[in-house]
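# Structural description and commentary
This is what each chain is made of:
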Amino acid sequence: MRLVSFVLVLCILCSLLGSCCSVFTIEPKDSNITHNESSLDYVFNATNTIDHHLEADNIIIYGNYKNFDSSLLYSLIQDKDKICIFYDLDLSDNVNDSLEIMRNNAVVYYYKNDIPHIHSYVSSSSDSKSLIPDVNNYVNNILSEIGNELDYVNTKALANCELYTSGNEDFVGIRQGSFREEEKPYGYIECDYVIKKHKADDVSLYVVEARFFFTPGKVANDLGDDSYDNWFNSSGYAKIKAKRVNNEVIFNRSAPVFKDAYPINQAFHNSKARLSAQKDPMDVEKYTWLYTYEYPEAETYNPIVGYIFEMSTPSDDSPEYNISLEFEYRMTVENNRRIFKKSKIFSGHTFHNYY
């Protein structure tokens, strides 16, 4: 099995980095455009109401909770015909952070082509006067994108790598999502990701393909958001690790084992930023990508990265998409002044189960 896994890892790297192979890409999106209407003809509006609950057509909304029953959450997000919106304007009074909806100001769940999608958002605003528009803008952006999203599933990542495979091995998308964390007025960090799997008899190989967006305040301001100031991108990093599922529903699966990652240092080129790729110095199961600009730039840095791991194939009663991912990220921005130059570092840490 180890030999097979090693061959499959080589194939993935070939397929994603080689010129002869099909490459998965996540198209960049302009997250600063405000959509007043969604493609679903529904406009979301958050309120200050405690334990807010609303159902309209195929949309279910829960808001401003201090606790939430995990069994209810699981049952709600299993309905493939529903869009579930959860929002919380005050995360500080939550009794725990074990659930995705307890760690974020907004989370949107839905299915597309039988693939679960999860989008999570944390605002830097602390007062409801600013936070409500932030949450409204984010959720309505997601609603507007639901009907227009690209389909990343059923891809054949290994189709043209005949050197290593027969060309018939499929990596199938099993979960897709995104997260965004803001730090106004300095900038924001966002990530779109998809989890794909190649199934084997006892052990399966998984790929997390992600595109990060390290956007400094200068870029956000130039795009029309005056809540950001003229801060320039200097450096930052992204880290990914797959972890054992951590929630009340226990599934009998082995812990994920890191196999490989991409891009590596000699397979990456950028005219402005330098990239260093390596295992994390504190955790060999975590992979890190560190970028550095020679001079601060008014530019969004958006690398496409991949994290490859192995885990036991789930049993029939275990959802294959219930995989836990840990993301860490940091960005340093500067005001670009030659004298008395100032810098600001902001960072975050997110942990994403299916729920």
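Before reading further, recall that the structure is shown in the block above.
This section reports on the structure supplied with the text.

Reading the values: the criteria
Residues numbered from 1 in each chain as written. Predicted model: local features only at pLDDT ≥ 70, side-chain atom pairs only at ≥ 80, totals over all residues. Heavy atoms only, no water. Helix = DSSP H or I, 4+ residues; strand = E, 2+ residues; numbered from the N terminus. Buried < 20%, exposed > 50% of the residue type's maximum accessible area, 1.4 Å probe, protein only. Contact = heavy atoms within 4.5 Å. Areas by Shrake-Rupley, 256 points an atom, 1.4 Å probe, with all protein chains shown as cover. Pairing = 2+ DSSP bridges. Phe/Tyr/Trp six-rings, centres within 6.5 Å; stacked < 30°, edge-to-face > 60°. Lys NZ or Arg CZ within 6 Å of the ring centre and 35° of its normal.

### A look at the overall build of the protein
The helix and strand tally for the protein stands at five helices and 15 strands. A buried classification covers 55% of the 355 residues belonging to the protein. Within the protein, counting contacts between residues at least 6 apart in sequence, those at least 24 apart form 67% of the total. When the accessible surface of the protein is summed, it comes to about 16300 Å², and 47% of that surface belongs to carbon and sulfur atoms.

### Points about the pairing of strand S6 (residues 172–183)
Burial analysis of S6 places ten of its twelve residues in the buried class, the great majority of the element. Sheet analysis places strand S5 (residues 115–122) next to S6, joined by six bridges and oriented parallel. Residue pairing across strands places His117 opposite Gln176, the latter belonging to S6. Where S6 lies against strand S7 (residues 187–198), eleven bridges are found, and the strand directions are antiparallel. Of the residues in S7, the one forming a bridge with Arg180 is Glu190. Turn length for the S6-S7 hairpin, with the two strands adjacent in sequence and antiparallel, is three residues.

### A closer look at the packing of aromatic side chains
Aromatic ring pairs are described here by two measures, namely the spacing of the ring centres and the angle between the planes. Applying the stated criterion across every chain yields a total of 25 aromatic pairs. Between Phe86 and Tyr109, the aromatic rings sit 6.0 Å apart at their centres with planes inclined by 90°, giving edge-to-face as the arrangement. On the criterion of sequence distance, the pair formed by Phe86 in strand S3 (residues 83–87) and Tyr109 in strand S4 (residues 106–112) is long-range, its members being 23 residues apart. Of the aromatic side chains, those joined through ring pairs into one cluster are Phe179, Tyr193, Phe212, Phe214, Tyr291, Tyr293, Tyr301, Phe327 and Tyr329. Taking NZ or CZ as reference, Lys239 lies 4.8 Å from the ring centre of Tyr237, over its face.

### Description of unusual backbone geometry
Here the bond from Lys184 into Pro185 is cis, since omega is 10°, no more than 30 degrees from zero. Within the element layout of this structure, Pro185 appears in the loop between S6 and S7. Note the cis peptide between Tyr262 and Pro263, where omega equals -5°. Checked against the element boundaries, Pro263 lands in the loop between strand S10 (257–262) and strand S11 (273–280). Located in the positive-phi region is Asn113, a residue other than glycine, with phi close to 55°. Tracing the sequence through the fold places Asn113 in the loop between S4 and S5. Although it is not a glycine, Asp114 sits at a positive phi angle of roughly 65°. Take Asp114: it is sitting in the loop between S4 and S5.

Distances and angles like these do not, on their own, reveal function.
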